[in-house]
Amino acid sequence: MATPRPEHIKAALFDFDGTLADTERFGIELDEEAYAHFGISPTQGEKNSLAGTDGLESIPALFRAHGMDVSAREFFAHRRPSDVIYEEMPLEASPGARELMGRLRAGGTRVAVVSTTQHRLVVTALRRIGLLDLVDLVVGGDDVARHKPDPEPYARALEALGAAAREAVAFEDSPSGVASAQAAGVHTLGYTGSSVPQDLSAADELFSSFELLQL
């Protein structure tokens, strides 16, 4: 059953990678370097399947499809650290994201970023793309025990903001993120504007551009 959109939004919870910034294409570039080490050539769909996950399950599953037993730890040992994405690569805020966040805050809504990426890297990237001043709270992957699709990241954000799930909306671009937000009871908007398209059919509603979104 779909979760209704609240009439008054007390908390707006944004995923970062692929939602507020189109980082996932850079992550795929780093992944491809590791795939080359292991001598496999995943399909685009397989590459996209890692987006929005911590890799602990998705990476072994990808390699099993290629007849190999490779753990996430082994994979990351042959991949450049993701830090370079957030600290060095040419990131930009998704078009219209700053304006939407500004309107929400002007109306009394509190804004959080809920990500699987490390807290410090999210903060660094938000500062680089000019959104940090609009964010009240960051929940990073190292702030929780269980990552998306578990509801803990969103439940943690709601608790910190003092908001009930029925008073919040979440913005996500991955199936694991949608599942996480919905498991926490939050109305979830699936963002289809990322350069790494994913199946967001489970979201409560879909939108392709922050510039066109009416909230």
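These numbers come from a predicted model, not from an experiment.

1. Description of the nonpolar core
Of all hydrophobic cores here, the largest spans 36 residues; its most connected members are Phe 14, Phe 16, Leu 20, Leu 126 and Phe 171. Contributions of two or more residues to this core are made by strand 1 (11–14), helix 1 (24–38), helix 5 (83–87), helix 6 (97–106), strand 2 (110–114), helix 7 (119–128), strand 4 (168–172) and strand 5 (187–191). Broken down by element, the residue count for this core peaks at 5 residues, all from helix 7. Setting aside anything within four residues of it in sequence, one finds Phe 14 in contact with Leu 20, Leu 100, Met 101, Leu 104, Val 111, Ala 112, Val 113, Val 114, Phe 171 and Phe 210. One finds Tyr 154, Ala 163, Ala 170 and Val 186 within the second-largest nonpolar core, a separate group that totals 17 residues.

2. Quick word on the layout of surface pockets
Put simply, the largest pocket is a space of about 710 Å³. The wall of the largest pocket is formed by 36 residues, among which Thr 53, Arg 79, Ser 82, Tyr 86 and Thr 117 lie closest to the centre. Within the residue set of the lining of the largest pocket, elements represented by two or more residues are helix 1, helix 4 (72–77) and helix 5. Per-element tally for the lining of the largest pocket: the top contributor is helix 1, with 4 residues. In terms of residue class, the lining of the largest pocket is made up of 10 nonpolar, 13 polar and 13 charged. Looking at the second largest pocket, the residues that line it are Thr 53, Asp 54, Leu 56, Glu 57, Ser 58, His 147, Lys 148, Pro 149, Asp 150 and Ser 176. Residue classes in the lining of the second largest pocket are distributed as 2 nonpolar, 4 polar and 4 charged.

3. Comments concerning unusual backbone geometry
The amide bond that connects Lys 148 to the next residue, Pro 149, takes the cis arrangement and shows omega of 15°. Here Pro 149 shows up in the loop between strand 3 (137–139) and helix 8 (152–161).

Quick notes on the rules
Residues numbered from 1 in each chain as written. Predicted model: local features only at pLDDT ≥ 70, side-chain atom pairs only at ≥ 80, totals over all residues. Heavy atoms only, no water. Core = buried A, V, L, I, M, F, W, Y, C linked by side-chain atoms within 4.5 Å. Buried < 20%, exposed > 50% of the residue type's maximum accessible area, 1.4 Å probe, protein only. Helix = DSSP H or I, 4+ residues; strand = E, 2+ residues; numbered from the N terminus. Contact = heavy atoms within 4.5 Å. 1 Å grid on protein atoms, 1.4 Å probe; cavity = no way out; pocket = protein on both sides within 12 Å on 5 of 7 lines; lining within 4 Å. Points joined across faces, edges and corners; volume = space filled by probe spheres on them. Nonpolar A, V, L, I, M, F, W, Y, C, P; charged D, E, K, R; others polar.

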